[in-house]
Amino acid sequence: MRWLAKVALLWLPASTGWAQTAIDPVRAIIAAFDRVNLVGLGERNHLGVAELEFRLRLIREPAFASKVNDIVIEFANPIHQSVLDRFTDGEDVPPEQMDQVWTVTNQKSAYAPFYQEFVDGVRAVNTSLPPGRRLRVVAGDGSGSGRDQIAADQIRREVLDKNRKALVVFGGLHLLRKRPEFLTK
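Quick caveat: nothing in here was measured; it's all calculated off a predicted structure.

Of the two faces of strand β3 (residues 70-73), the one carrying D70 and V72 and the one carrying I71 and I73 are both buried. Inspection of the sheet shows β3 paired to strand β4 (residues 136-139) by four bridges, in the parallel sense. Looking across to β4, one finds that I73 is bridged to A139.

Below you can see the structure in the form of C-alpha cells.
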C-alpha cells in the first residue's frame, strides 16, 4: 500500500520555557493535526521532568483525543504491543507483564519510570473516552541495529497504513534527517 506522510516536527523551548511563550504549544500541536497526520515531538532529555509534565498536559487536553489516534513512543518494544494495548484499554495487566514492556528494549531501564508514568496518563485519559476514540500507545523501539528503521516501519504499519494520526515522541535526534552540523564537530 502506498502512503504519504505529512509530518510536523516541533521542538519545545528549553526547560519550562513553554509556559512563558505567547503561543500555547499544546494548542499549536493539536492544531497541527488539522494539516498533518504525524507530529514529531522531540525530547531533549529522556529523563526530563518538564518534558513529561508537558506531554501529560498535552494528552489531557480534551481536543487532543478528538484529533489524534496514536502516540508512538521510543521506549517500548513492538513485541509487547498487545500488552500495551490491553493496559491502555483499561485491562488489569500483571506488573511482571508491564515490566517486560520497559526492560526488553534497546533503551536504558532508567527511562522506564518516565514512560510508565506517561503510559499511565494515557490509560487515565482513556477511561473517559468511548472505546472507538481511545488513544493507542504504539511501541516504537526495536532490538538490535536499525532502530530508526524499525520505528519507521511501526509508524507506517500501525499508523499510516491505517489512515490514523499520531504524536511521535522520540529523542529529538531520531526525528532529524541529518545530524545538526553543530553536533558533528
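The subject of this paragraph is the pattern of salt bridges. A complete count under the given rule lists 12 salt bridges for this structure. In this structure, the salt-bridge partner of K67 is D34, at a minimum N-O distance of 2.8 Å. Pair noted here: K67 is in helix α3 (residues 62-67) and D34 is in the loop between α1 (25-32) and β2 (38-43), with a separation of 33 residues, a long-range link. Of the charged contacts, one joins D85 and R136 as a salt bridge, the two residues approaching to 2.8 Å between their closest N and O atoms. With D85 in helix α4 (residues 81-88) and R136 in strand β4, this pair connects stretches of sequence that are 51 residues apart.

Buried within α1 we find P25, V26, I29, I30 and A32. Within α1, the buried residues cover an arc of 155° as seen down the axis, which keeps them to one side.

The rules behind the values
Residues numbered from 1 in each chain as written. Predicted model: local features only at pLDDT ≥ 70, side-chain atom pairs only at ≥ 80, totals over all residues. Heavy atoms only, no water. Buried < 20%, exposed > 50% of the residue type's maximum accessible area, 1.4 Å probe, protein only. Helix = DSSP H or I, 4+ residues; strand = E, 2+ residues; numbered from the N terminus. Pairing = 2+ DSSP bridges. Salt bridge = Lys/Arg side-chain N within 4 Å of Asp/Glu carboxyl O. Arc of directions from axis to C-beta.

Purely geometric numbers; function is a separate question.
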